[in-house]
Amino acid sequence: EEAKALIPYTRGVLDALGMKHGPSHGEIIMTESGPCLVEMNCRAHGGDGNWAPLARKLTGGKYCQIEATVDAYLEGEEFH
């Protein structure tokens, strides 16, 4: 039930910020009156990148967030 409120709220925040492509990190808390934004940043998760090999394995060996973001901006036609 919370996901039904959190997902559209988070997408709305990203849209309001103009974040169309790329990774994001958001923190939102659920209050009695609904979601409440704590922070939203345009960055990949985990500063040291130790997650990248796992991300590639989870996407068939092709991408991690950083590589997908670079492709989205530099190879826009192919990315879509």
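These notes cover the structure that comes with them. (Residues numbered from 1 in each chain as written. Predicted model: local features only at pLDDT ≥ 70, side-chain atom pairs only at ≥ 80, totals over all residues. Heavy atoms only, no water.)

1. With respect to the environment of Pro 35
Okay, so step 1: Structurally, Pro 35 is set in strand S2 (residues 34-41).
Okay, so step 2: For the pair Pro 35 and Leu 17, spaced 18 residues apart in sequence, the C-alpha separation works out to 17 Å.
Okay, so step 3: Apart from the residues lying within four places of it in its own chain, the contact partners of Pro 35 are Ala 5, Leu 6, Tyr 9, Ile 28, Ile 29 and Met 30. (Helix = DSSP H or I, 4+ residues; strand = E, 2+ residues; numbered from the N terminus. Contact = heavy atoms within 4.5 Å.)

2. Some remarks on the environment of Ser 24
Okay, so step 1: As for its placement among the helices and strands, Ser 24 is situated in the loop between helix H1 (2-17) and strand S1 (25-31).
Okay, so step 2: Overall, the relative accessible area of 29% leaves Ser 24 in the partly exposed class.
Okay, so step 3: C-alpha separation for the pair Ser 24 and Ala 44, spaced 20 residues apart in sequence, amounts to 6.1 Å.
Okay, so step 4: Apart from the residues lying within four places of it in its own chain, the contact partners of Ser 24 are Leu 14, Met 19, Met 40, Asn 41, Cys 42 and Arg 43. (Buried < 20%, exposed > 50% of the residue type's maximum accessible area, 1.4 Å probe, protein only.)

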